[in-house]
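Chain and residue survey
Residue-level listing of the chains:
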Amino acid sequence: MPSKVNYATYIGAVLLAIIFLYPLYILFMITFVPTFYTFGQLYPPQLPMGFTLSNVYQSITQLNLIKPVFRSTIVAFIVGGLSLVLGIPAAYGLSKLGARVSNKIIVLLFLINMMPGIVVAIPISVDFLSLGLANIYGVALAQELVVLPLSVFIMLGGFRALPRDLENQARVDGASLGTTMLRVLIPLNRAPIIVAFLLSWMTSWDEFTYAVIISPTSSTFPVQLYNYVTRGVPYEASAISLIVTIPVIIIAAVLQKYLKSQYLTGGMTI
Amino acid sequence: MSSRVNWKYFLLVVPTIIYVLALSIYPALSVVYQSFQTPSGHYTVSNYTALGYYGLQSALIDTLIVSIAALVLQLFLALFIAMIMMKPFKGSKAFSTIVVVPFGVATVVSAFVFSQIFSPVGGYANSFLVGFGLNPVNWAGTSVTQLGIVVFSDYWKNTPLVALILFSGLSGLSPSMFDAATVDGAGPMRRFLHITLPNMAPIMSIALLIRGVSEFNIFALPLVLIGYHPPLINTLVYEFYTTTSGTIYYSYAAATILLVIIMVYAMFVLWRGGAKNYAL
């Protein structure tokens, strides 16, 4: 019985691993294999028939995709940073408010979070235009809406788990609330804070709806990539796709052990 | 705790609450309000009736089909993946890492890769079929195949998230329940049906709520993969929005319909899943 179960498990695991890796394999192939064997064939071979760096070279030199990647990086760091600037005080405040009040506020934040992106994006794009925010900074402000509730929730869990005594000791020793935050509470709570920052960063890196509606020109890389794909320069777009994917895959793999259920389910626990 | 202390801590939360409310409630209200207006500022329902001529019904039905198909596929395979992740076997760590990888791939990138795989000319899916002596498929030919590739691409990107949610649910189940059932003579199938599924129902309803809301909002993936045709709700809204000549009011009306659907769906899942279970 046990060996039979293992056998089935292995087959299932290998099949699923192939399904999950295959699209990435294709991305690597159309990036590094000469276009003659990939885009030039009616039925392209599944195995790499050659190796070239010219696609990568062309996409870096000819397509103007470096700037969007740079802009995406700025936006992602603003979104991640704002999550902490707004989220840390909010999470700390909620941890002090008692479960009854704080849970109601968290539920409110998450219900609002279910608002469709396009419903929010279209009206605020009009307002942002008149406010001079129809650019990547406006995109960052809008994306913050998506990540803020989850960030607050993740960090709230951390603050709730900290022993009260530590904070009281610091206060008795004469530290102000700000000093206690910076010297005691934030360092002790760094794991949830890092997870909140990285999840916000990744969400922003991926986000398309707000980016394309609020800042259709000179926007982040997903919008630019969309423009290039629809205009039909796929082999050069593939190189940039790969370049922007590798760092995020590494973050996802590192985050994997921290990706606990309550983070992913937006704070709803059973 | 005195109320004075409470207020001090509440003030720390106020910026976040104001931020979220200002950037969501206000735009949503203005969408609903303007969906009942003409460009000259009169009240009307013509924006809604006009949507009928622009294929709202089929966009709604297609969005429903894509959402339900994607949800069923993701839930089923994610449960399978989560159960494999539960088993201790050599390489299980590598398996968990591989399975989580698509979660990190940007939606537009995954849409681009799948557009290459399912390209009718020079696509890898067809070269696979031809390699096995089968006929190539014109993936862009019918709306069935087009919606199919959207569902499949969406499944690749989003199943990892569902699998991780279900995995943590499975890890919470007590092994002694399964042992007791085995002693009583229940086989793997009956253990799955009578122990795993009922105990997983609450966390599965959470996964359904989160993924379901995202499925109705599916946008970048169909836009890159199949463009505007056949339209889904979001691509329809976006098409009205980007087309000039006053169709922006149609986009408000279609967006309002989307908003209503999502609210009804969220209420339904919360109600069916038992609001008590969301023990925040």
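Remember, it's a predicted structure, so these values are computed and weren't measured experimentally.

With respect to the overall build of chain B
Broken down by element type, chain B carries twelve helices and zero strands. Start at the N end of chain B and walk to the C end: the helices and strands fall as α-α-α-α-α-α-α-α-α-α-α-α. Expressed along its principal axes, the backbone C-alpha trace of chain B runs to roughly 75 × 75 × 30 Å. Here chain B holds 280 residues, and 53% of them are scored as buried. Taking the contacts inside chain B whose residues are at least 6 apart along the sequence as the reference set, 68% of them involve residues at least 24 apart. As displayed, chain B has an accessible area near 12700 Å², and 71% of this comes from carbon and sulfur atoms. Positive and negative side-chain charges of chain B, numbering 11 and 6 respectively, have mean locations separated by a distance of 15 Å.

Here we look at the packing of helix H3 (residues 66-97) of chain A against helix H11 (residues 221-231) of chain A
Residues and elements named next belong to chain A. Where H3 meets H11, the closest approach of the two axes is 8 Å, and the angle between their N-to-C directions is 150°. Relative to H11, H3 is oriented roughly antiparallel. Here Pro 68, Val 69 and Ser 72 of H3 come into contact with H11, specifically with Phe 221, Pro 222 and Gln 224. Of the residues belonging to the contact of H3 with H11, the class tally is four nonpolar, two polar and no charged.

What about the packing of helix H5 (residues 107-117) of chain B against helix H7 (residues 143-171) of chain B?
All names here are of chain B. Viewed as axis vectors pointing N to C, H5 and H7 meet at an angle of 135°, and their least axial separation amounts to 10 Å. Here H5 lies oblique to H7, going by the angle between them. Every pair of crossing elements has a handedness; the one defined by H5 and H7 is right-handed. In this structure, H5 contributes Thr 107, Ser 110 and Phe 114 to the contact, and H7 contributes Phe 152, Ser 153, Trp 156 and Lys 157. Of the residues in the contact of H5 with H7, the class split is three nonpolar, three polar and one charged.

Observations regarding the interface of chain A and chain B
Taken together, the contacts link 95 residues of chain A with 96 residues of chain B. Linking chain A with chain B are one salt bridge. Between Asp 206 of chain A and Lys 157 of chain B there is a salt bridge, with its nearest N and O atoms 3.5 Å apart. For the pair chain A and chain B, the interface holds seven residue pairs in polar contact (both at pLDDT 80 or more). Ranked by residue count, the leading element in the side of chain A that touches chain B is helix H1 (residues 2-32) of chain A, at 17 residues. Classifying every residue of the side of chain A that touches chain B by side-chain character gives 71 nonpolar, 19 polar and five charged.

Quick notes on the pattern of salt bridges
Residue and element names in this part refer to chain B. Enumeration according to the criterion identifies four salt bridges over all chains in this entry. Here Arg 211 makes a salt bridge to Glu 215, at a shortest N to O gap of 2.8 Å. A residue pair is termed a helical-turn pair when its members lie 3 or 4 positions apart in one helix, as Arg 211 and Glu 215 do in helix H9 (residues 188-216) at four residues. Per residue, the accessibility class of Arg 211 equals that of Glu 215, and both read buried. Through salt bridges with shared partners, a single network forms among Asp 154, Arg 211 and Glu 215.

Points about the domain arrangement of chain A
Residue and element names in this part refer to chain A. What the domain assignment lists for chain A is domain 1 (2-52) and domain 2 (62-264). Once you take the C-alpha centre of each, domain 1 and domain 2 turn out to be 33 Å apart. Across the contact, eight residues belong to domain 1 and eight residues belong to domain 2. Summing both partners gives a buried area of about 630 Å² for domain 1 against domain 2, and 90% of it is carried by carbon and sulfur. Counting every contact that joins domain 1 to domain 2 gives zero salt bridges. Taken together, the links from domain 1 to domain 2 amount to one residue pair in polar contact (both at pLDDT 80 or more). Here the side of domain 1 that touches domain 2 is composed, by residue class, of six nonpolar, two polar and no charged.

Details of the confidence of the model for chain B
Here chain B averages 84 in pLDDT, and 94% of its residues register 70 or above. The low-confidence segment residues 276-280 of chain B, where pLDDT is below 50, has 16 contacts with residues more than four positions distant or belonging to other chains.

The rules behind each value
Per chain, the residues get numbers from 1 upward, laid out in the order the sequence is written. Each chain is given a letter, starting from A, and each ligand a number, starting from 1, according to the order in which they appear as written. For this predicted model, a pLDDT threshold of at least 70 governs which residues receive local features, and a threshold of 80 or more governs which side-chain atom pairs are given and counted, while totals over whole chains, interfaces and linings are taken from all residues. Values shown for side chains rest on all heavy atoms present in the structure; no hydrogens or waters enter the calculation. A helix here means a DSSP run of H or I that spans at least four residues, while a strand means a run of E at least two residues long, and both kinds are numbered starting from the N terminus. Three labels apply to residues, based on accessible area from a 1.4 Å probe with only protein chains included: buried if under 20% of the type maximum, exposed if over 50%, partly exposed otherwise in between. Contacts were defined at the residue level, with two residues in contact if any of their heavy atoms lie within 4.5 Å. The Shrake-Rupley method, run with a 1.4 Å probe sphere, supplies the accessible areas, and residue values consider only the shown protein chains as cover. By the counting rule applied here, Lys and Arg register as positive and Asp and Glu as negative, while His and the ends of each chain are not counted. For the purpose of locating charges, the reference atoms are NZ of Lys, CZ of Arg, CG of Asp and CD of Glu. To get an axis, fit a line to the C-alpha atoms, keeping to the stretch in contact for a helix; angles then go from 0 to 180 degrees between the N-to-C directions. For classification purposes, angles smaller than 35 degrees are called roughly parallel, those larger than 145 roughly antiparallel, those between 65 and 115 roughly perpendicular, and all remaining angles oblique. For this scheme, ten residues count as nonpolar: Ala, Val, Leu, Ile, Met, Phe, Trp, Tyr, Cys and Pro. Four count as charged, namely Asp, Glu, Lys and Arg, and the remainder, Gly too, count as polar. When the near helix sits turned anticlockwise from the far one by under a right angle, the crossing is termed left-handed; a clockwise turn instead gives a right-handed crossing. Salt bridge, as applied in this entry: a Lys or Arg side-chain nitrogen positioned within 4 Å of an Asp or Glu carboxyl oxygen. As used in this structure description, the phrase polar contact means that two N or O atoms lie within 3.5 Å; if the pair is within protein, one of them must be able to donate a hydrogen and the other to accept it, and residues adjacent in sequence are counted only when both atoms belong to side chains. All domain edges in this entry derive from an automatic or database-based domain assignment. Buried area is a sum: the accessible area each of two parts loses on coming together, probed at 1.4 Å, counted once for each and added. The pLDDT score gives, residue by residue, the confidence of the prediction method on a 0 to 100 scale.

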